[in-house]
Amino acid sequence: MTDEEIVVSFALTRLSNADSNLDLEDVAALVVHRLTPDQMLDLASRNLATRNELRGRLFDSAVEHVLRTVLTARGPAD
C-alpha cells in the first residue's frame, strides 16, 4: 500500500464515518482493520523501520504508520 493509497483510504474512511465523531487514531484503526494480513505486516514493518525498532505489536504499529503517513501528508500545523 503506497502512501497515497493510505491517505485516500483514510480520507474515505473518515468521510464514511463523519457522523461518528471519531478521532484520528480511531479512523486509522478502521483503515488497518480493512487490510489483509500481508498489508498490515507491511505497514507495521515500515513503521518499525522508521522508528529503528526490531519488535512491536503488529496492529498498533500499523495504525501508527497510517497516522504518521496522514499527518505527514497534511503538512505542518497552522
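To be clear, the structure that these remarks concern was listed above.
These numbers come from a predicted model, not from an experiment.

A.B. asks: How would you explain the nonpolar core if you had to name every residue and give the values?
C.D. replies: With 16 residues, the main nonpolar core has F10, A28, V32, L43, A62, V63 and V66 as its most contacted residues. Of all elements in the fold, only α1 (3-16), α2 (24-33), α3 (37-50) and α4 (58-74) reach the threshold of two or more residues within this core.

A.B. asks: If you had to explain α4 to someone new, which residues and values would you point to?
C.D. replies: Over its 17 residues, α4 extends 25 Å from the first C-alpha to the last, a length consistent with the 24 Å expected when each residue adds 1.5 Å. Of the residues making up α4, those classed as buried are S61, A62, V63, H65, V66, L67, T69 and V70. After α4 finishes, the residue G75 shows a positive phi value of roughly 85°.

A.B. asks: Account for the side chain of T13, with residues named and values stated.
C.D. replies: By the secondary structure assignment, T13 is in helix α1. The class of T13 is buried, set by a relative accessible area of 1%. Within the structure, T13 has its side chain in polar contact with the side chain of R34 (distance 2.8 Å). Ignoring sequence-local partners within four residues, the contact set of T13 consists of V27, L30, V31 and R34.

What counts as what
- Residues numbered from 1 in each chain as written.
- Predicted model: local features only at pLDDT ≥ 70, side-chain atom pairs only at ≥ 80, totals over all residues.
- Heavy atoms only, no water.
- Core = buried A, V, L, I, M, F, W, Y, C linked by side-chain atoms within 4.5 Å.
- Buried < 20%, exposed > 50% of the residue type's maximum accessible area, 1.4 Å probe, protein only.
- Helix = DSSP H or I, 4+ residues; strand = E, 2+ residues; numbered from the N terminus.
- Expected span 1.5 Å × (residues − 1).
- Polar contact = N/O pair within 3.5 Å; in protein donor to acceptor, adjacent residues only side chain to side chain.
- Contact = heavy atoms within 4.5 Å.

Everything listed here is a matter of coordinates, which is why it stays silent on function.
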